[in-house]
Amino acid sequence: VARTGKGGGTQPPEWDGVQPSFQDWLIKARLWIATTRARPRTQGPLILQRLSGQAFQALKHLARDAAWLQDDRNGHRLLDLMDTAEMFGDDKEEDLLASLSKLTYHFKRHKDEDLRVFFARWEESLRKVREHSVDLPDRYLGFLLINALALTDQDIKNLLNFTKGSILPNETKIWARKSEMKLQASQIGLDKDKKSSGASSKTAAMH
């Protein structure tokens, strides 16, 4: 159960430098700063108190830093320091290369994957690239999306016919959803035919 501090807000999330992942903990810590009623000058020390293990060992020197202790933004400064490649954060360039590589070469729709799940994964992958202030051209993103959907040559022809030659991501998404709905409708029709033919066979066999 979260405890209440002097400032009236709940305590910051705990972290031992291992579990949960640093990025997950960082999100919770930033949310705590954004919502706590603890006085700004106390936020950094409160977060530091909730660290343990290697995380506390790496940052305990701040408790002897008078300038940090009296800084109204010491909580933000603490989190920014932790979110560096030298501490617990990701190497920004390495993370960008990994995100671009995944989106460009490795992102594919899984077999029988629901379209909504696929698009949610796509947006998440795209968000990781944009976090690095990289905005890829829309038509290039459209090309990557078509590639990720693993469309057949006939599918691509149908797509281009539907969009009048456009490969913009939003139009590709609209076509994919409509195409999927048509496919599902046709499968329902086939199922009905199978059931009715099966019922007819049983009736004939009874007679």
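Structure report, in brief. Predicted, not measured: the structure shown is a model, and the values here were computed from it.

1. Things to note about the packing of aromatic side chains
Here is step 1 of the chain: Summed over all chains, the structure comprises nine aromatic pairs.
Here is step 2 of the chain: Note on Phe107 and Trp122: the rings are 5.7 Å apart at their centroids and 75 degrees apart in plane angle, and the pair reads as edge-to-face. Remark: Trp122 occurs in helix α7 (residues 115–130) and Phe107 occurs in the loop between α6 (92–106) and α7; sequence separation between them is 15 residues. The same class applies to Phe107 as to Trp122, namely buried.
Here is step 3 of the chain: With centroids separated by 5.4 Å and ring planes inclined at 55 degrees, the aromatic side chains of Phe118 and Phe119 adopt a geometry described as tilted.
Here is step 4 of the chain: Judged by its relative accessible area of 5%, Phe119 falls in the buried class.
Here is step 5 of the chain: Ring pairing ties together the aromatic residues Trp15, Phe22, Trp25 and Phe88, which thus form one cluster.
Here is step 6 of the chain: Between Arg121 and the ring centre of Phe107, over which it is positioned, the NZ or CZ distance is 4.6 Å.
Here is step 7 of the chain: Taking NZ or CZ as reference, Lys173 lies 5.6 Å from the ring centre of Phe119, over its face.

2. Thoughts on the nonpolar core
Nonpolar side chains in soluble globular proteins tend to end up buried together.
Here is step 1 of the chain: Core analysis: the largest hydrophobic core is formed by 20 residues, its most contacted members being Trp15, Trp25, Leu51, Leu59, Leu79 and Met82.
Here is step 2 of the chain: Of all the secondary-structure elements, those providing two or more residues to this core are α1 (22–35), α2 (40–49), α3 (53–59) and α5 (74–82).
Here is step 3 of the chain: If one sorts the elements of this core by residue count, α1 sits on top with six residues.
Here is step 4 of the chain: Ignoring any residue separated from it by four or fewer positions in sequence, one finds Trp15 in contact with Pro20, Ser21, Phe22, Trp25, Arg50, Leu51, Ser52, Ala55, Met82 and Phe88.

3. So, the packing of α1 against α2
Here is step 1 of the chain: It is the contact of α1 with α2, at a shortest axis distance of 11 Å, that shows an interaxial angle of 150 degrees. On the basis of the axis angle, α1 is roughly antiparallel to α2. With respect to the hand of their crossing, α1 and α2 are arranged in right-handed fashion. Residues Trp25, Trp32 and Ile33 of α1 lie in contact with α2, whose contacting residues are Gln43, Leu46 and Ile47.

4. Considering the side chain of Gln43
Here is step 1 of the chain: You can see Gln43 is positioned in helix α2.
Here is step 2 of the chain: Once residues within four sequence positions are removed from consideration, Gln43 is found in contact with Trp32, Ile33, Thr36, Ala38, Asn74 and Gly75.

5. Here we look at the pattern of salt bridges
Here is step 1 of the chain: In this structure the tally under the stated criterion is 11 salt bridges.
Here is step 2 of the chain: Residue Arg41 is joined to Asp72 by a salt bridge in which the shortest nitrogen-to-oxygen separation is 3.5 Å. Placement of Arg41 in helix α2 and of Asp72 in the loop between α4 (66–69) and α5 is noted, with a sequence separation of 31 residues between them.
Here is step 3 of the chain: The class of Arg41 is partly exposed, set by a relative accessible area of 40%.
Here is step 4 of the chain: What makes Asp72 partly exposed here is its relative accessible area of 44%.
Here is step 5 of the chain: Each of Glu124, Arg127 and Glu131 takes part in salt bridges that share partners, so that together they form one network.

6. Structural notes on the packing of α6 against α7
Here is step 1 of the chain: As a packed pair, α6 and α7 sit with axes 9 Å apart at the nearest point and diverge in direction by 145 degrees. α7 is crossed by α6, and the crossing has left-handed handedness. Of the residues in α7, those touching α6 at Leu96, Ser99, Leu100, Lys102 and Leu103 are Trp122, Ser125, Leu126, Lys128 and Val129.
Here is step 2 of the chain: Each residue belonging to the contact of α6 with α7 can be placed in one class, and the counts come to six nonpolar, two polar and two charged.

7. Some words on the environment of Asn147
Here is step 1 of the chain: Counting through the fold element by element, Asn147 comes out in helix α8 (residues 138–148).
Here is step 2 of the chain: Dropping the residues within four chain positions of it, Asn147 is found in contact with Thr104 and Lys108.

Rules used throughout
- All chains use their own residue numbering, which begins from 1 and follows the written sequence.
- Since the coordinates come from a predicted model, pLDDT governs what is reported: local features require at least 70, and pairs of side-chain atoms require 80 or more to be given and counted, while whole-chain, interface and lining totals use all residues.
- Based on all heavy atoms of the structure, the side-chain values leave hydrogens and waters out of the count.
- Two rings belonging to Phe, Tyr or Trp (six-membered ring only in the last case) form a pair when the distance between their centres is within 6.5 Å. Interplanar angles under 30 degrees mark stacking, angles over 60 mark edge-to-face geometry, and anything in between is tilted.
- A run of DSSP states H or I qualifies as a helix once it reaches four residues; a run of E qualifies as a strand once it reaches two. Both are numbered from the N-terminal end.
- Partly exposed residues are those whose accessible area sits between 20% and 50% of the maximum for their type, while under 20% is buried and over 50% is exposed, using a 1.4 Å probe and protein chains only.
- Only when the NZ of Lys or the CZ of Arg is both within 6 Å of the ring centre and within 35 degrees of the ring normal is a charge said to sit over the ring.
- For our purposes a nonpolar core is just a set of buried Ala, Val, Leu, Ile, Met, Phe, Trp, Tyr and Cys residues, chained together by side-chain atoms within 4.5 Å.
- Only heavy atoms matter for contacts: two residues are in contact if any of them lie within 4.5 Å across the pair.
- Here an axis means a line fitted to C-alpha atoms, over the contact stretch when the element is a helix, while the angle between two N-to-C directions is reported on a 0 to 180 degree scale.
- Should an angle fall under 35 degrees it is called roughly parallel, over 145 degrees roughly antiparallel, and 65 to 115 degrees roughly perpendicular, with every other angle called oblique.
- In a left-handed crossing the near helix is turned counterclockwise from the far helix by less than a right angle, and in a right-handed crossing that turn is clockwise.
- We count a salt bridge whenever a side-chain nitrogen from Lys or Arg sits within 4 Å of a carboxyl oxygen from Asp or Glu.
- All amino acids are sorted into three groups, where Ala, Val, Leu, Ile, Met, Phe, Trp, Tyr, Cys and Pro are nonpolar, Asp, Glu, Lys and Arg are charged, and the leftover types, Gly among them, are polar.

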